[in-house]
Amino acid sequence: MKGDRTIKRMLAAFGIVALLATACGGDDGDSSAASGDGAGGGGRGGSVTLTAEDFSFDPDTVTAAVGDTIELSNEGESPHNLQAEEADIDEDVDAGETVSIDLADVEPGTYDFICSFHPEDMTGTLEITE
Ligand SMILES: [Cu+2]
């Protein structure tokens, strides 16, 4: 009887190992879920105002959500720019102009940005929330 019980225990253990192996098999990191949410989602699309001056950003920390736009106004007399390489943003704005920067394709996260014309003086942080 004792030997019989050992065999049952071994069979049970083998079954668990087999289950684990099966569970791991199909877990291949399919990451297509994040792409392709197009227009018509609703509830998004706010705008945030950012001013470029000679020679600083106001405010220098900008918080916005994915799908929002940044309205970047240049109130200085020099051309400025907002460049956040990690977020794939690079937008020029001439003196007296305003440009809209679309955040629909930016991943949530925190990004440093600069004015590429005045990178020593004009820096800021962009916080993108979901
Ligand atoms: Cu500048």
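I will try to describe carefully the structure that is included in this document. Everything numeric here is computed off the predicted structure, so don't read it as measured data.

Cut-offs used in this document
Chains are numbered independently. Their residues run from 1 in the order of the written sequence. Two thresholds apply to this predicted model, a pLDDT of at least 70 for residue-level local features and 80 or more for giving and counting side-chain atom pairs, whereas whole-chain, interface and lining totals are computed over all residues. Only hydrogens and water are set aside; all other atoms, that is, all heavy atoms of the structure, feed into the side-chain values. Note that water is not among the atoms considered, so a metal site may appear incomplete; the donors listed are N, O and S atoms within 2.8 Å of the metal, with 3.2 Å applied to Na, K and Ca. Only DSSP runs of H or I covering at least 4 residues are called helices, and only runs of E covering at least 2 are called strands; the numbering of each starts at the N terminus. To sort residues, take the accessible area from a 1.4 Å probe on protein chains only and compare it with the maximum for the residue type: under 20% means buried, over 50% means exposed, and anything in between is partly exposed. For the purposes of this section, nonpolar cores are sets of buried Ala, Val, Leu, Ile, Met, Phe, Trp, Tyr and Cys residues that join through side-chain atoms within 4.5 Å. DSSP calls a pair of strands paired once it identifies at least 2 bridges connecting them. The contact criterion used throughout is that any non-hydrogen atoms of two residues lie within 4.5 Å.

1. Structural notes on the coordination of the copper ion
Listed as protein donors to the copper ion are H80 (ND1), C115 (SG), H118 (ND1) and M122 (SD); their distances from the metal cover 2.0 to 2.5 Å. Positions of the donor residues of the copper ion along the chain correspond to the pattern H-x34-C-x2-H-x3-M. Linking H80 in strand β5 (residues 80-84) with H118 in the loop between β8 (109-114) and β9 (123-129), this pair joins segments that are 38 residues apart in sequence. Each member of the pair H80 and H118 is classed as buried.

2. Let's talk about the nonpolar core
If you look at the biggest cluster of nonpolar residues, it comprises 24 residues, and the most contacted ones within it are L72 and I89. Among the elements of the structure, β1 (47-53), β3 (61-65), β4 (69-74), β5, β6 (89-93), β7 (98-102), β8 and β9 are those that each provide at least two residues to this core. Among the elements that line this core, the one with the most residues is β1, at 3 residues.

3. Thoughts on unusual backbone geometry
Between D54 and F55 the backbone carries a cis peptide bond, its omega angle lying at 10°. At the junction of D58 and P59, the peptide bond is cis and its omega measures out at -5° in the coordinates. Tracing the backbone through its elements, the reader meets P59 in the loop between β2 (56-58) and β3.

4. A few points about the pairing of β5
Regular strands place side chains that alternate from one sheet face to the opposite one. Within β5, 5 of the 5 residues are buried, which leaves the element mostly enclosed by the surrounding structure. Side chains H80, L82 and A84 project from β5 onto one buried face, and the interleaved N81 and Q83 project onto a second face that is buried too. Note: β5 against β6, 5 bridges, orientation antiparallel. The partner of H80 across the bridge, within β6, is V93. Linking two consecutive strands that pair antiparallel, namely β5 and β6, is a turn of 4 residues; a positive phi of about 60° is found at D88 within it.

5. Comments concerning the environment of T49
In this structure, T49 sits in strand β1. Accessibility expressed as a relative area gives 52% for T49, which makes it exposed. Linking T49 and L72, residues 23 residues apart in sequence, is a C-alpha distance of 6.2 Å. Residue contacts for T49: discarding those within four places in its chain leaves P59 and E71.

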